[in-house]
Amino acid sequence: MTEMHDEELRCIGCGAIIQTTDPDGLGYTPNSALKKGLETGELYCQRCFRLRHYNEIAPVSLTDDDFLRLLNHIRDAHALIVYVVDIFDFNGSLIPGLHRFVGNDNPVLLVGNKEDVLPRSLRRRKLTDWLRQQANLAGLRPIDTLLVSAKKNHQIDQLLAEIEKHRADRDVYVVGVTNVGKSTLINAIIKQQTGVQDLITTSRFPGTTLDKIEIPLDDGHKLVDTPGIIHQEQMAHVLSAKDLKIVAPQKEIKPRTFQLNDSQTIFLGGVARFDYVKGPHAGIVAYFENSLPLHRTKLVNADEFYAKHCGDLLTPPTSDEMADFPPLERHEFAIKEKSDLVFEGLGWITVPAGTTVAGWAPKGVDVLVRRAMI
């Protein structure tokens, strides 16, 4: 409720209920801004306004349980589920036990977003097949799989055609973890359909959408943007906003190749580390944001090198962020076939068979091995 209106008003940017009484609460909007928003038809809460215009992020009081509770009603809905994953961070954008939230009777359309950041040399058909296989390994059986770039407006027409093909008198719910680009994707759909640009608030910060946002469809059904499920294992939760700009790819990544002997280390800025522990002289290929500095050294010197240079030569994090930065934890793997060593939310390194490698990441951020994407 607000002081000026009895009906429930919602921020069109994040879905929060508008209120004018608690400046620290969700959905707060000054009375003057509320009046202006009602006049223009563009009603945003103060948090969204600052995020959209000044790139400021205000902390929110919603917990993981709050987000999951908001999603639980989907199970009882008659809906097509558009499940959005970040193709650059596929493993970090999986929702464990997805059917618990969406129900076994609701069909799932799997959408790999941000395909524009992957090298153009990678055939998209091969990538789509890889995405489908990885989904199957995770226990998902989507009715279809496709790649899009919401940011570049790639394949949005095809996505709309697939939605119309499969929704069959259903509502459409768009789900995913934080930072996969759900709201950017819905904005692309809205722009394609109506010409209205950037209606929903988007950012690289986790948890931008705070409640479901409903967009009416022509036949009386609705397209619903849902809050992103928060994965605390994501790299985004241990980095500052400034550092996220350095590690989150904004354009096509350029693979970097290193010829390594065993007992060599590559630092990924100061946020992670790769050890080539044992194996023949081999080429490894690194897939990370182009501006993330990679630094090679000897494994025997790596611990001392990190202690001495993290925060200056090895950055991010910067020296003034070191006090709050989690310690790196080691994960070792024996590689039986060509594989990707994945640092969730950061990127991956493709390594050959018959090697032993280790990945170091901030405590709580996962490192894993998967079948090589490329």
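In case you missed it, the structure is sitting above this.
All figures in this text were calculated on a predicted structure; none of them were measured in a lab.

### Remarks on the overall build of the protein
Inference 1: What the protein contains, in helices and strands, is 9 helices and 16 strands.
Inference 2: For the protein, with 374 residues in total, the buried portion stands at 53%.
Inference 3: Sequence separation of at least 24 residues holds for 72% of the intrachain contacts in the protein that already meet a minimum separation of 6.
Inference 4: Looking at the protein as shown, the accessible area adds up to about 17,200 Å², and 49% of this sits on carbon and sulfur atoms.

### Brief notes about the pairing of strand 15 (residues 355-362)
Inference 1: Of all 8 residues that make up strand 15, 8 are buried, and the element is covered over most of its length.
Inference 2: With 5 bridges connecting them, strand 9 (residues 272-278) and strand 15 associate as antiparallel partners. Paired with Y276 across the bridge in strand 15 is V357.
Inference 3: Sheet topology note: the strand 12 (residues 328-335)/strand 15 ladder contains 8 bridges and is antiparallel. Within strand 15, the position partnered with I335 by the bridge is T355.

### Considering the sheet that holds strand 13 (residues 339-343)
The strands making up a sheet are joined through hydrogen bonds of the backbone, oriented either antiparallel or parallel.
Inference 1: The strand order 7-10-14-13-16 describes an open sheet built from 5 strands, whose pairing is antiparallel. Each having just a single partner strand, strand 7 (256-260) and strand 16 (367-371) make up the two edges of the open sheet. Within this sheet the neighbouring strands show an average axis-to-axis angle of 25°, counted without direction.
Inference 2: Bridging between strand 13 and strand 16 involves 5 bridges; their strand directions are antiparallel. Its bridge partner lying in strand 16, D340 is registered against R370.

### Re the packing of helix 6 (residues 156-167) against helix 7 (residues 182-194)
Inference 1: At a closest axis distance of 10 Å, the pairing of helix 6 and helix 7 adopts a crossing angle of 90°. Put simply, helix 6 runs roughly perpendicular to helix 7. Contact with helix 6, carried on its side by I156, D157, L159, L160 and I163, involves L185, A188, I189, Q192 and Q193 of helix 7 and no other residues of that element.
Inference 2: Of the residues contributing to the contact of helix 6 with helix 7, the split by class is 7 nonpolar, 2 polar and 1 charged.

### Some points on the nonpolar core
Inference 1: Of all hydrophobic cores here, the largest spans 58 residues; its most connected members are Y83, L118 and L159.
Inference 2: Among the elements that line this core, the one with the most residues is strand 1 (residues 79-86), at 7 residues.
Inference 3: Split by domain, this core shows at least three residues from each of two domains, domain 2 (64-225) and domain 3 (242-371).
Inference 4: Residue contacts for Y83: discarding those within four places in its chain leaves S93, L94, I95, L98, V108, L109, L110, V111, L140, V175 and G176.
Inference 5: Counting 39 residues, the second-largest nonpolar core is a separate cluster that includes F258, L260, L292 and V365.

Definitions and cut-offs
- Starting from 1, residues in each chain are numbered consecutively following that chain's sequence as written.
- The predicted origin of the model limits local features to residues at a pLDDT of at least 70 and limits the giving and counting of side-chain atom pairs to 80 or more, whereas totals for whole chains, interfaces and linings rest on all residues.
- No hydrogens and no water enter the side-chain calculation; it runs on all heavy atoms of the structure.
- Strands here mean DSSP runs of E at least two residues long; helices mean DSSP runs of H or I at least four residues long; both are numbered from the N terminus.
- Only protein chains enter the accessibility calculation, which uses a 1.4 Å probe; a residue whose area is less than 20% of its type maximum is buried, one above 50% is exposed, and one in between is partly exposed.
- Every residue pair with non-hydrogen atoms within 4.5 Å of one another is taken to be in contact.
- Note on areas: Shrake-Rupley with a 1.4 Å probe; residue coverage comes only from the protein chains shown.
- Two strands form a pair only when DSSP identifies at least two bridges running between them.
- Axis definition: a line fitted to C-alpha atoms, over the contacting stretch in the case of helices. Angles run 0 to 180 degrees between N-to-C directions.
- Our angle categories are set so that under 35 degrees counts as roughly parallel, over 145 as roughly antiparallel, 65 to 115 as roughly perpendicular, and the remainder as oblique.
- Asp, Glu, Lys and Arg are counted as charged, while Ala, Val, Leu, Ile, Met, Phe, Trp, Tyr, Cys and Pro are counted as nonpolar; the rest, among them Gly, fall into the polar class.
- Remark: nonpolar core denotes a set of buried residues (Ala, Val, Leu, Ile, Met, Phe, Trp, Tyr, Cys) joined through side-chain atoms within 4.5 Å.
- Here the bounds of each domain stem from an automatic or database domain assignment.

Keep in mind that these numbers describe shape and distance, not what the molecule does.
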